[in-house]
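Given next are the chains, with one letter for each unit.
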Amino acid sequence: MDYLSSPASKLLGRLEGVRAKGHNRWVARCPAHGDRTPSLAVTARDDGALLLRCFAGCSVAEVVGAVGLDLADLFPPQQPGVHASKPSRRPFSAEQILSATRLELMEVVVIIGAIQRRGLVTDGERARLHRSVSRLMVAGG
């Protein structure tokens, strides 16, 4: 990443009392509360994004706002055609899920029928189960 156009250069150039504290780490006076001694820690991640922490309690939004930047300025610009993460692919379509659900519900109906024959399920409960299964079967096409 080009340092001159990096989020670190944008921010550090607007802060006072900046001192390096290691590789990609700095401290500075916090612009959000009129610091006299450095209380703002700045760390650049490997991807160029910045992490900020004011030990006096200022929020990140307050810090960047005090120097005329936005939260988006703490992140490197997105490269054209590059996405932050791949969209998740669903392993099954909605139609496949509904079809499997219908089959499972039919199995439940058969089992409930067996339980009813032993006298453990009322006729009303069985009717309600059939009505629910019928509605799901219609919904599935």
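Given the structure is predicted, the values throughout are model-derived calculations rather than measurements.

Caption draft 1: Quick peek at the overall build of the chain. The helix and strand inventory of the chain stands at four helices and four strands. Secondary structure of the chain in N-to-C order comes out as α-β-β-β-β-α-α-α. Looking at the chain as a whole, 26% of its 141 residues are labelled buried. Across the chain, contacts joining residues at least 24 apart in sequence account for 36% of those joining residues at least 6 apart. Here the chain displays about 10100 Å² of accessible surface, and carbon together with sulfur accounts for 55% of that area.

Caption draft 2: Fine view of helix α3 (residues 94–117). Compared with an ideal rise of 1.5 Å per residue, which puts 24 residues at 34 Å, α3 spans 35 Å between its outermost C-alpha atoms and is within 8% of the ideal. Regarding α3, the residues found buried are L105, V109, I112, G113 and Q116. G119, located one to two residues past α3, shows a positive phi value of around 85°.

Caption draft 3: Local environment of the nonpolar core. L11, L15, L40, V42, L50 and L52 are the most contacted members of the largest nonpolar core, which has 19 residues in total. Sequence-distant contacts of V42, that is, excluding residues within four places in its chain, are made with L11, L12, L15, N24, R25, W26, L50, L51 and L52.

Caption draft 4: Here's a closer look at the pattern of salt bridges. Summed over all chains, the structure comprises three salt bridges. Two residues, R45 and D47, come together in a salt bridge whose shortest N-O distance is 2.5 Å.

Calculation notes
Residues numbered from 1 in each chain as written. Predicted model: local features only at pLDDT ≥ 70, side-chain atom pairs only at ≥ 80, totals over all residues. Heavy atoms only, no water. Helix = DSSP H or I, 4+ residues; strand = E, 2+ residues; numbered from the N terminus. Buried < 20%, exposed > 50% of the residue type's maximum accessible area, 1.4 Å probe, protein only. Contact = heavy atoms within 4.5 Å. Areas by Shrake-Rupley, 256 points an atom, 1.4 Å probe, with all protein chains shown as cover. Expected span 1.5 Å × (residues − 1). Core = buried A, V, L, I, M, F, W, Y, C linked by side-chain atoms within 4.5 Å. Salt bridge = Lys/Arg side-chain N within 4 Å of Asp/Glu carboxyl O.

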